[in-house]
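# Analysis of the macromolecular model
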Amino acid sequence: MAKNRVRTLAAASVPAILTGVLSALILFAVDELSLLLQHVLWENLPHAAGIDPDSGWWIFGMLTATGLAVGLIVAYVPGHAGPDSAASELGGPALPLRVVPGLAAAAVVGLAGGVSLGPENPIIAINTAVMTVLLARTFPRVPAKLVAGLAVAGTVGALFGTPVAAALLFTGLAGSMAAKGALFDKLFLPLVAAGAGAATMTLVGGTLLGFRVPQSGPHTGWDVLAAMAIAPLAAGFGLLGVFAFRRAHRWARRLRSPILFTTLGGAVLGLLGALGGPLTLFKGAEESAELLGSGPEPFGILLLLAVVKLAALVVAAATGFRGGRIFPAVFTGVAFGLAAQALVPAVPVSVAVSAAVLGLVLAVARDGWMALFIAVVVTGDVTVTALMCLAVLPAWLVVTNAPHMLADDDAGAPPA
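Parameters at a glance
Residues numbered from 1 in each chain as written. Predicted model: local features only at pLDDT ≥ 70, side-chain atom pairs only at ≥ 80, totals over all residues. Heavy atoms only, no water. Patch = residues over 30% accessible without salt bridge, like charges linked within 9 Å, V, L, I, M, F, W, Y side chains within 5 Å. Areas by Shrake-Rupley, 256 points an atom, 1.4 Å probe, with all protein chains shown as cover. Salt bridge = Lys/Arg side-chain N within 4 Å of Asp/Glu carboxyl O. Helix = DSSP H or I, 4+ residues; strand = E, 2+ residues; numbered from the N terminus. Buried < 20%, exposed > 50% of the residue type's maximum accessible area, 1.4 Å probe, protein only. Core = buried A, V, L, I, M, F, W, Y, C linked by side-chain atoms within 4.5 Å. Phe/Tyr/Trp six-rings, centres within 6.5 Å; stacked < 30°, edge-to-face > 60°. Lys NZ or Arg CZ within 6 Å of the ring centre and 35° of its normal.

## Remarks on a nonpolar patch on the surface
- Taken together, the side chains of Phe 299, Leu 303, Val 307, Leu 343 and Val 344 make up a nonpolar region of the molecular surface, amounting to roughly 400 Å² of accessible area.
- Among the elements that line the nonpolar patch, the one with the most residues is helix 11 (residues 299-318), at three residues.
- The class for Phe 299 is partly exposed, based on a relative accessible area of 33%.

And the structure:
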C-alpha cells in the first residue's frame, strides 16, 4: 500500500513540475508584455506628444481609453474574455482554450493601462486552461481536477516566489478531502508544482511582490496591542469597499453593454487617478515599494491614498475589468498602515503596515492563511509572525459574517 502511494506520488511529480514551470513562464510572459505596453502608453506616447504623463488629463484620458479597449475585447473577441473576475474566486474549472486569447488581451491591456487590479485571477484561469489541454494529451491519466489544482498551486508559487503561499492556500482544501492518507500526501503534488513555479519565476524575473517594509527592533507588548487594534480597523475599512463593490456591480450591470460600463468605469478610474496621483494606479506592487521608500508622509495624504486605492479597486472590480484583488489590497494596506503609524509614531512601521495589510487582504480575499502569509512576507521579518497570528483573530471576527467580495455571493443569496 505504502509502496503504491510512493510510486503514484513520484510518477505524478513529473506533470506537477511541468505545470509549475509552464505556469511561471506564462505569468512572466504576461507580466513582461504588460510592462512593455505600459512603457509605451505611459512614457513613449506622452513624451512624444509633449505631455506630462503624471498630469490629471493624461491619467483620465488613458484610463478612459483603457476602459473602452477592454470593453471592446469583452464584447467582440471570441469567448468574451472569460467570466467576469468579479464573480469568480481563484481557480475553478478550466475555460475552453479559445477563451484564452481574449482573456489574456483584456488582462494585459488593463494591467498596462493603469487599472487597479492584479494579474492573479486571469493568469490562473489562463494557466488552468492551457495545462488542462496540454496534460490531457501528454499525461491523459492525470484527472482534470488535479490539473486545475496544480495550475493554481504553480501560479501562486510563482506570484509570491515561494511554495509556502500555495501550501497555506491548499491546507484547508486538502483537510476537507474525503480521500484517505496523511495531509502532506494530499499537499505533496501542489507543493511540487508551487515549488517548481517559484523556482522558475525566481530564475527568470523574481516575485511580483518584491518590496520589503523596514524592520524594527524587538517587539513589545505594546506592539502586540497595536497590531490587534490596527488589523481589525483595516479589515473594517476593507469591508467598506466590499459593500460598495456589491452596489457598484449591480448598478454597472444595469447598463447591459460591456463597452458602456467598462468605459464609464475607466473614466471613473481616471478621475480617481487624477485625485490620488500616479501612486494609486496599476496593480500596486511597485507603487507600494515607492510609497515605503518615499519617506514620512502626512497622515492626511496617506489616508487619501488608501481611500482612493480602495475606491479604484472597487470600481475596477465592479465594471468588467479582468484582474485580481490581492495586489491592490496590499497597496491599500500599506497606505493604511503608514497612516496609522503617522498618527501614532510609537508604533513600528513594520507592525503597523503588516497588520494593516493583514486586515485588508482578509477583508478582500477572505482567506486567513493567505492574509497571514502576505502580512509576514511584506515585512521580510519572521518576528512579526506571532503578532500577526494574534492580530488575525479580532480581524476575523470583523469579517466572518460579512459578504464576500464576489458578485454572486450575498451571504448565501444571489444578488438582486
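Back to the write-up after that little detour.
## Comments concerning the nonpolar core
- Counting 115 residues, the largest nonpolar core has Phe 160, Leu 291, Val 330, Leu 358, Ile 374 and Met 388 as the members making the most contacts within it.
- Leu 95, Val 99, Leu 103 and Ile 126 belong to the second largest nonpolar core, which has six residues in total.

## Considering the packing of aromatic side chains
- Applying the stated criterion across every chain, the model contains four aromatic pairs.
- Summarising the aromatic geometry, the rings of Phe 160 and Phe 373 are spaced 5.9 Å apart at their centres and angled 80° between planes, so their arrangement reads as edge-to-face. With Phe 160 in helix 5 (residues 144-160) and Phe 373 in helix 14 (residues 368-377), this pair connects stretches of sequence that are 213 residues apart. For the residue pair Phe 160 and Phe 373, the accessibility class agrees, reading buried in each case.
- These aromatic residues form a ring-pair network of at least three members: Phe 160, Phe 327 and Phe 373.
- Against the face of Phe 261 rests Arg 253, its NZ or CZ located 4.3 Å from the ring centre.
- Sitting over the face of the ring of Phe 331, Lys 309 holds its NZ or CZ atom 5.5 Å from the ring centroid.

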